[in-house]
Amino acid sequence: MAKSSQSMRKYVVSSALITSLALTPVVAENVSAKADPGSSESSSSSETSQMLHSGDRGSEVESVQDELKTQGYYTANIDGIYGPITEDAVESFQSEEGLAVDGIVGPETKSALSSLSENSIEEDQGADIEEPSRDESTSQSDVVSIAEDLIGTPYVWGGTTPEGMDSSGFILSVFEQVGVDLHRKESDMWLNDGVQVDSPEVGDVVFFEGTYNTEGASHSGIYIGDNQMIHAGSNGVEVADMSIDYWQDHYLGVKSFQ
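Reading the values: the criteria
- Residue positions within a chain follow its written sequence, with the count starting from 1.
- Per-residue local features of the predicted model are confined to residues with pLDDT of at least 70, and side-chain atom pairs are confined, for both listing and counting, to 80 or more; whole-chain, interface and lining totals are unaffected and use all residues.
- Where side-chain values are given, they derive from all heavy atoms of the structure, hydrogens and water being excluded.
- For every element, the axis is a line fit to its C-alpha atoms; helices are fit only across the contacting stretch, and the angle between N-to-C directions ranges from 0 to 180 degrees.
- Numbering of helices and strands runs from the N terminus, with a helix taken as a DSSP run of H or I at least four residues long and a strand as a DSSP run of E at least two residues long.
- Note on terminology: angles under 35 degrees are roughly parallel, angles over 145 are roughly antiparallel, angles of 65 to 115 are roughly perpendicular, and the others are oblique.
- For any helix crossing, the convention is left-handed if the near helix is rotated counterclockwise from the far helix by under a right angle, and right-handed if that rotation is clockwise.
- By definition, residues are in contact when any of their heavy atoms lie within 4.5 Å.
- Working definition: with a 1.4 Å probe on protein chains only, accessible area under 20% of the residue-type maximum means buried, over 50% means exposed, and in between means partly exposed.
- In this scheme, strands are said to pair when DSSP sees at least two bridges between them.
- Throughout, the protein atoms alone are placed on a 1 Å grid, and a set of points is a cavity if a 1.4 Å probe fits but cannot get out or a pocket if it is open with protein on both sides within 12 Å along at least five of seven lines; lining residues have an atom within 4 Å of a point.
- Grid points are joined across faces, edges and corners, and a volume is the space filled by probe spheres set on the points.
- For this classification, Asp, Glu, Lys and Arg are treated as charged, while Ala, Val, Leu, Ile, Met, Phe, Trp, Tyr, Cys and Pro are nonpolar and the rest, including Gly, are polar.

With respect to the packing of helix 7 (residues 140–149) against helix 8 (residues 167–176)
Move 1: Axis separation between helix 7 and helix 8 bottoms out at 9 Å; the angle between their running directions is 130 degrees. As the angle between them shows, helix 7 and helix 8 are arranged oblique. Both helix 7 and helix 8 take part in a crossing whose hand is right-handed. Along the contact surface, helix 7 presents Val143, Ile146 and Ala147, while helix 8 presents Phe170, Val174 and Phe175.

Here it is in structure tokens:
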């Protein structure tokens, strides 16, 4: 009877061992399945790593700050630190763009920022290739260059050509070449043309009064800097020093025609 009991116990143990070994591959297979990199748990972790939020640092944060600054949402220094200021800027941007306001830069927020930045670049490039207006193309250097080319032209009363010109004819001829129409007489130029300014800049026209018996502006010249002007005087078109007493005593003012 004792031998029979021992045999029974050996049978039960052996059966249990066999059952255990048979189940081992199944357990191992289940453990391996949980570590599958294609599983939903791994995918969720990948999406989280693509987000930027408070506490993050680095070049990606700098890039976001730069894009936010371009759009006017971020006004602090670009330092690559995702702090409260950056978070507030992100929330303001999200609110304006109709996104979920959570202060976190996820795929949707990144996409919206990138899209606006690309549009800003295209607008800037378009502005660079716009045709300049007449005023922009009429540079001060053009006016001075044309006036310098006329130095030596003889004085002729009523003249407006390189063969001979008077003071107002000289001004009229120079500005005609840069596309600016003026009145014929200096008195009318002073009253009706251009804009009066406080002090002359290169290319402006300086006016004088009382240089002969007439009312209002009676003489003019093109200012070229350092108290110098080019004008059509009695000796023809020449450079004159405005600092001498004669011109100071008759000085009326200055106007810009550009």
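From this point, the narrative continues.
Here we look at the pairing of strand 4 (residues 205–209)
Move 1: Of all 5 residues making up strand 4, 4 are buried, and the element is well covered by its neighbours.
Move 2: Where strand 4 and strand 5 (residues 217–225) come together, 5 bridges link them in antiparallel fashion. In the strand pairing of strand 5, Phe208 is matched with His219.

Focus: the layout of surface pockets
Move 1: Roughly 320 Å³ of volume is contained in the largest pocket.
Move 2: What lines the largest pocket is a set of 20 residues, and nearest its centre among them are Trp157, Ser167, Glu186, Tyr212 and Ser218.
Move 3: Where the lining of the largest pocket is concerned, the elements lending two or more residues are helix 8, helix 9 (186–192), strand 5, strand 6 (228–233) and helix 10 (245–250).
Move 4: With 3 residues, strand 5 is the single largest residue contributor to the lining of the largest pocket.
Move 5: Counted by class, the lining of the largest pocket contains 7 nonpolar, 9 polar and 4 charged residues.

These figures come from the coordinates and say nothing about function on their own.
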